[in-house]
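Listed below, chain by chain, are the residues.
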Amino acid sequence: LLTGHLEGGRPEHEIEVHATPEELEQFAKEGYLLRESLIQGDHLESLRDALDRLTETEWEKSRGNRKPTERSWGFIPRHLMDKDPVFLDLLKFPPVLSVCRAMMGPLVRLRGLSARVSYPGEEIQDTPWHQHLRVVSNPIPPWFSQPHCIDALIYLDDLNEDTGPVAVVTGSHAWLDRDPPHKDVDTVEGQVVFEVPAGSVVMVHGNTWHRALPTRRKKRRMLILSYTPTWLRKSPHGGPAPTDGLTSKLFDDMDEETRILLGHGGYS
């Protein structure tokens, strides 16, 4: 049972959290939570099909005249919920959203839904160690407030040596005195490597060090579903959302929960 100020008063806000207290404690300590085979069957196929449609229309345009490089991040489309109604179903996806609320409080907003598609070939499409949310002053002020974000890495293909596993560094989300090694792809002490079936979700704190290993023989499709407290500004990555996107068309009829999740309420 979680309580918090929702517009119009202080009602109790009851949430069925899709995690045990022990799992939440582990998430807080280690910076990640694995949900193996969370999405299956028709739901998984619909997400694959929607991302494939989007890739077909945007991939070549995004490449332009770019010449192949030694390494790249592959194809990264953004603002997915504005582009296909299939992705809108993830806005209130309980196995992810309920955990975000349990970890950060009931007032959370969507930071974004993007994707990454990696392809095998001469151009190595892995990623170096990195974080998704890093705003830390040096020196740390007495009343510094660490920003929090939860990213759900949703894998639409099996993660293995062919597609490229994901690695995270246990407890690194709490390291305010150091940064991930710049452009480094080497093994880091404390890393955990996941090889999991399609439909699995790795939930990470936005400051958890992580990287994707190379995609060698089969393409890898991944969605990145992110939430922050409502008072954090929306991610600037990928530029502004389309003005005529699907989420803007929800505005007139959206309920209070949807307004808050899309950034139109839940903050002072």
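Residues numbered from 1 in each chain as written. Predicted model: local features only at pLDDT ≥ 70, side-chain atom pairs only at ≥ 80, totals over all residues. Heavy atoms only, no water.

Asks: I'd like to hear about the overall build of the chain, residue by residue, with values.
Replies: Secondary structure summary: the chain contains 5 helices and 10 strands in total. Relative to the compact-globule value of 18 Å for 268 residues, the chain shows a C-alpha radius of gyration of 19 Å, a close match. Principal-axis analysis of the C-alpha atoms gives the chain an extent of 60 × 40 × 35 Å. In the chain, of all internal contacts separated by at least 6 residues, the share reaching a separation of at least 24 is 85%. Carbon and sulfur atoms form 50% of the exposed surface of the chain, whose accessible area is close to 13,900 Å². Within the chain, the 40 negative side-chain charges are centred at a point lying 6 Å from the centre of the 31 positive side-chain charges. (Helix = DSSP H or I, 4+ residues; strand = E, 2+ residues; numbered from the N terminus. Rg over C-alpha atoms; globule rule 2.2 N^0.38 Å. Contact = heavy atoms within 4.5 Å. Areas by Shrake-Rupley, 256 points an atom, 1.4 Å probe, with all protein chains shown as cover. Lys, Arg positive; Asp, Glu negative; His and termini not counted. Charge placed at Lys NZ, Arg CZ, Asp CG, Glu CD.)

Asks: Which residues make up the confidence of the model for the chain, and what values go with them?
Replies: Residues with a pLDDT of 70 or more make up 93% of the chain, whose mean pLDDT is 89. Counting contacts from residues 1-5, a segment whose pLDDT is below 50, to residues more than four positions away or on other chains yields 17 contacts. (pLDDT = per-residue confidence, 0-100.)

Asks: Please give an account of the packing of helix α1 (residues 21-30) against helix α4 (residues 94-104) that cites residues and values.
Replies: Packing of α1 against α4 brings their axes to within 11 Å, and their N-to-C directions diverge by 70 degrees. By the criterion of interaxial angle, the relationship of α1 to α4 is roughly perpendicular. Classified by chirality, the crossing of α4 by α1 is right-handed. On the side of α1, the interface is formed by L24, F27 and A28, while α4 contributes V99, A102 and M103. (Axes fitted to C-alpha atoms, helices over the stretch in contact; angles between N-to-C directions. Parallel < 35°, antiparallel > 145°, perpendicular 65-115°, else oblique. Left-handed = near helix turned anticlockwise from the far one by under 90°.)

Asks: Hey, could you go over the pattern of salt bridges for me, with residue numbers and the actual values?
Replies: Using the criterion set out here, one finds 15 salt bridges in the structure. Between D126 and R211 there is a salt bridge, and its shortest N-O distance comes to 3.3 Å. A residue pair is termed long-range when its members are at least 10 positions apart, and D126 in the loop between β4 (108-118) and β5 (150-155) and R211 in strand β9 (residues 210-212) qualify at 85 residues. Under the relative-accessibility criterion, R211 is labelled buried at 7%. (Salt bridge = Lys/Arg side-chain N within 4 Å of Asp/Glu carboxyl O. Buried < 20%, exposed > 50% of the residue type's maximum accessible area, 1.4 Å probe, protein only.)

Asks: Break down the nonpolar core for me, with residues and values.
Replies: In terms of nonpolar packing, the biggest core is built from 43 residues, with M203, L223, L225 and Y227 touching the most fellow members. Of all the secondary-structure elements, those providing two or more residues to this core are α1, α2 (41-63), α3 (85-88), α4, β4, β5, β8 (201-205) and β10 (220-229). Looking at this core, the element that brings in the most residues is α2, giving 6 residues. One finds Y32, L153, L159 and I224 within the second-largest nonpolar core, a separate group that totals 12 residues. (Core = buried A, V, L, I, M, F, W, Y, C linked by side-chain atoms within 4.5 Å.)

Asks: Summarise unusual backbone geometry; cite the residues concerned and give the values.
Replies: The step from N138 to P139 runs through a cis peptide bond, and the omega angle for that step is 5 degrees. By the secondary structure assignment, P139 is in the loop between β4 and β5. Positive phi, normally seen in glycine, also occurs at S37, with a value near 55 degrees. Topologically, S37 is positioned in the loop between β3 (32-35) and α2. You can call S37 partly exposed: its relative accessible area is 23%. Located in the positive-phi region is H79, a residue other than glycine, with phi close to 55 degrees. If you trace the backbone, H79 turns up in the loop between α2 and α3. Judged by relative accessible area, H79 falls into the buried class, the value being 15%.

Asks: Describe the packing of aromatic side chains, listing the residues and the values that go with them.
Replies: All told, the structure shown has 4 aromatic pairs when counted by the stated rule. Seen in terms of ring centroids, W175 and W209 are 5.0 Å apart; in terms of plane orientation they differ by 90 degrees. Their pairing is edge-to-face. One end of the pair, W175, is in the loop between β6 (166-169) and β7 (191-194); the other, W209, is in the loop between β8 and β9, and 34 residues separate them in sequence. Through successive ring pairs, a cluster of aromatic residues spans W59, F75 and Y119. Above the face of the W175 ring, R178 is positioned so that its terminal group lies 4.2 Å from the ring centre. (Phe/Tyr/Trp six-rings, centres within 6.5 Å; stacked < 30°, edge-to-face > 60°. Lys NZ or Arg CZ within 6 Å of the ring centre and 35° of its normal.)

Asks: With reference to specific residues and values, describe α4.
Replies: With 8 of 11 residues buried, α4 lies mostly within the body of the structure. Listed as buried for α4 are P95, V96, L97, S98, V99, C100, R101 and M104. Downstream of α4 by a residue or two, G105 has a phi angle that is positive, lying close to 100 degrees.

Asks: A description of the sheet that holds β5 should follow, citing residues and the corresponding values.
Replies: Read from one edge to the other, the open sheet built from 5 strands follows the order β3-β8-β5-β10-β4, with strand pairing classed as antiparallel. Each having just a single partner strand, β3 and β4 make up the two edges of the open sheet. For this sheet, the mean inter-axis angle between neighbouring strands, taken without regard to orientation, is 15 degrees. Judged from the 6 bridges that link them, β5 and β10 form a sheet pairing that is antiparallel. Bridging across to β10, L153 finds its partner in I224. Docked against the sheet, α1 engages β3, β5 and β8, running at close to 135 degrees with respect to β3. Sheet strands touched by α4: β3, β4, β5, β8 and β10. Its angle to β10, the strand with the most contacts, is close to 35 degrees. (Pairing = 2+ DSSP bridges.)

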